[in-house]
Amino acid sequence: MKQLLTIFLCISLLGCNETKKSVIKTDDELSSNIKMLFEKYENNDFEVSQYYIDDVIARINNTDEITGFENLTAGFKAHHDMFDNIELKDLYVHTNYFSNGEIWSNVWSTWTGTGKTSGKEYSNRTHFDYKWENGKIVVVQGYFDESIEKMEIAAYTEAQNQNQE
């Protein structure tokens, strides 16, 4: 009887000690919020401060770090100063709910746009990570080829120099 009681207690204790698992979701509120933020980006609408902490940290290609919501959105707005017809194609979003309590949304897309100065049509694969805390974005990490922006800035600079001659 003692052995049976010991086995029962061991099973009971192990059953209560389940390990928490990480989960990936695509149809949750945070993934939907990210999709909405990307739609607003396409439409040049940056009235989205309620989704970010004021001092959000943004990292671009692990080299540039931008701090603050206003600075982050200034960069997004600059795209609309340089490009027309901005679209995000093949958009895929999921959110990771990690067992340690961290929450990250991941985004893959193809960014397309037409240079306002060059008239050139551009296409660029992108990946973004968004870290959530208390329902707000605290970190944004973006990975994409920055040469498109550099080419359009160079075209703009050249056009300005020609206008001054």
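On a predicted model such as this, the values are computed, not experimentally measured, just so you know.

### Topic: the overall build of the protein
Across its full length, the protein holds four helices and seven strands. Mapped from its N terminus to its C terminus, the protein presents α and β elements in the order α-β-α-β-β-α-β-β-β-β-α. In the protein, buried positions account for 37% of the 165 residues. Carbon and sulfur atoms make up 51% of the accessible area of the protein, which totals about 10500 Å².

### Notes on the packing of aromatic side chains
For the structure on display, the rule yields eleven aromatic pairs. Consider the rings of F38 and Y130, whose centres lie 6.2 Å apart with planes at 75 degrees: the pair is edge-to-face. Separated by 92 residues along the polypeptide, F38 in helix 2 (residues 29–42) and Y130 in strand 6 (residues 121–133) bring together distant segments of the chain. Under the relative-accessibility criterion, F38 is labelled buried at 6%. On the basis of relative accessibility, which here comes to 4%, the residue Y130 falls in the buried class. Between Y52 and F69, the ring centres sit 5.3 Å apart and the planes meet at 45 degrees, which makes this aromatic pair tilted. Placement of the pair is Y52 in strand 2 (residues 52–60) and F69 in helix 3 (residues 69–82), with a sequence separation of 17 residues. An identical accessibility class is assigned to Y52 and F69; each is buried. Connected via pairs of aromatic rings, a cluster forms that spans F38, F128, Y130 and F144.

### Looking at the nonpolar core
Of all hydrophobic cores here, the largest spans 30 residues; its most connected members are I34, Y52, W111, Y130, I137 and V140. Here the element with the most residues in this core is helix 2; it accounts for five residues. Dropping the residues within four chain positions of it, I34 is found in contact with V93, S105, V107, Y130, W132 and I137.

### Some details on helix 3
With 14 residues, helix 3 ought to run about 20 Å at 1.5 Å a step, and its terminal C-alpha atoms sit 20 Å apart, in line with that. Turning to helix 3, its buried residues number three or more, namely F69, L72, T73, F76, H79, H80 and M82.

### Considering the pattern of salt bridges
Where charged atoms from two side chains of opposite charge come close, those side chains can pair. Counting across every chain of the model gives five salt bridges. Here E102 makes a salt bridge to K131, at a shortest N to O gap of 3.8 Å. Of the two residues, E102 sits in the loop between strand 4 (83–97) and strand 5 (103–115) while K131 sits in strand 6, which places them 29 residues apart along the sequence. Between K131 and E133 there is a salt bridge whose closest N-O contact spans 3.6 Å.

### A look at unusual backbone geometry
At N61, a residue that is not glycine, the phi angle is positive and equals roughly 50 degrees. Here N61 lies in the loop between strand 2 and strand 3 (64–67). The phi dihedral of N85 falls on the positive side, at around 55 degrees, and the residue is not glycine.

### Things to note about the layout of surface pockets
Put simply, the largest pocket is a space of about 570 Å³. Considering the residues around the largest pocket, the lining is formed by 32 residues, among which G75, F76, H79, F144 and E149 are closest to the centre. The dominant element in the lining of the largest pocket, judged by the number of residues it contributes, is helix 3, at seven residues. Taken together, the residues of the lining of the largest pocket sort by class into 20 nonpolar, five polar and seven charged.

The rules behind the values
- Residues numbered from 1 in each chain as written.
- Predicted model: local features only at pLDDT ≥ 70, side-chain atom pairs only at ≥ 80, totals over all residues.
- Heavy atoms only, no water.
- Helix = DSSP H or I, 4+ residues; strand = E, 2+ residues; numbered from the N terminus.
- Buried < 20%, exposed > 50% of the residue type's maximum accessible area, 1.4 Å probe, protein only.
- Areas by Shrake-Rupley, 256 points an atom, 1.4 Å probe, with all protein chains shown as cover.
- Phe/Tyr/Trp six-rings, centres within 6.5 Å; stacked < 30°, edge-to-face > 60°.
- Core = buried A, V, L, I, M, F, W, Y, C linked by side-chain atoms within 4.5 Å.
- Contact = heavy atoms within 4.5 Å.
- Expected span 1.5 Å × (residues − 1).
- Salt bridge = Lys/Arg side-chain N within 4 Å of Asp/Glu carboxyl O.
- 1 Å grid on protein atoms, 1.4 Å probe; cavity = no way out; pocket = protein on both sides within 12 Å on 5 of 7 lines; lining within 4 Å.
- Points joined across faces, edges and corners; volume = space filled by probe spheres on them.
- Nonpolar A, V, L, I, M, F, W, Y, C, P; charged D, E, K, R; others polar.

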